[in-house]
Amino acid sequence: MPEIKLRDTEYFDVALRRFKKVVEKAGVLTELRAREAYEKPTSERKRKMSAAVKRHHKKVRSQMLPRRGR
């Protein structure tokens, strides 16, 4: 569980912002959404494969960009 230590002169909204950043970095919310409902193994494989294809296309697209230089 992510936690932060409240500093002496720190405002609550600043501490809340730091906590939200720590929670996001730890991936708590994404895991919560994933566990919210059961996902069939076939749909999980399909979703993961789709994400892999997207990552691959993004990688290829970034490599194909023309280089800007003199």
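(A) Representation of the overall build of the chain within the structure. Tallying secondary structure elements over the chain gives three helices and zero strands in all. Reading the chain from its N end, one meets helices and strands in the order α-α-α. Since a compact globule built from 70 residues should have a radius of gyration of about 11 Å, the 20 Å found for the chain marks it as more spread out than a globular shape. A total of 70 residues make up the chain; the buried ones form 7% of that total. When the accessible surface of the chain is totalled, it reaches about 7600 Å², and 57% of it is carbon and sulfur. With 22 positive and 9 negative side-chain charges, the chain shows a separation of 14 Å between the mean positions of the two kinds.

(B) A look at the pattern of salt bridges. Summed over all chains, the structure comprises five salt bridges. In this structure, the salt-bridge partner of Glu-39 is Arg-47, at a minimum N-O distance of 3.0 Å. Its relative accessible area of 28% is what places Glu-39 among the partly exposed residues. Of the charged contacts in the structure, one is a salt bridge between Glu-44 and Lys-48, with a shortest N-O distance of 3.3 Å. Residue Glu-44 and its partner Lys-48 are both found in helix α3 (residues 41–64); the two are separated by four residues, about one turn of the helix. Relative accessible area serves as the criterion here: at 30%, Glu-44 is assigned to the partly exposed category. Salt bridges linked by common partners bring Arg-7, Glu-10 and Arg-18 together as one network.

(C) Examining the environment of Tyr-38 more closely. The topology assignment puts Tyr-38 in the loop between α2 (28–35) and α3. In this structure, the C-alpha to C-alpha distance between Tyr-38 and Met-49, residues eleven residues apart in sequence, is 18 Å.

Rules and cut-offs
- Residues numbered from 1 in each chain as written.
- Predicted model: local features only at pLDDT ≥ 70, side-chain atom pairs only at ≥ 80, totals over all residues.
- Heavy atoms only, no water.
- Helix = DSSP H or I, 4+ residues; strand = E, 2+ residues; numbered from the N terminus.
- Rg over C-alpha atoms; globule rule 2.2 N^0.38 Å.
- Buried < 20%, exposed > 50% of the residue type's maximum accessible area, 1.4 Å probe, protein only.
- Areas by Shrake-Rupley, 256 points an atom, 1.4 Å probe, with all protein chains shown as cover.
- Lys, Arg positive; Asp, Glu negative; His and termini not counted.
- Charge placed at Lys NZ, Arg CZ, Asp CG, Glu CD.
- Salt bridge = Lys/Arg side-chain N within 4 Å of Asp/Glu carboxyl O.

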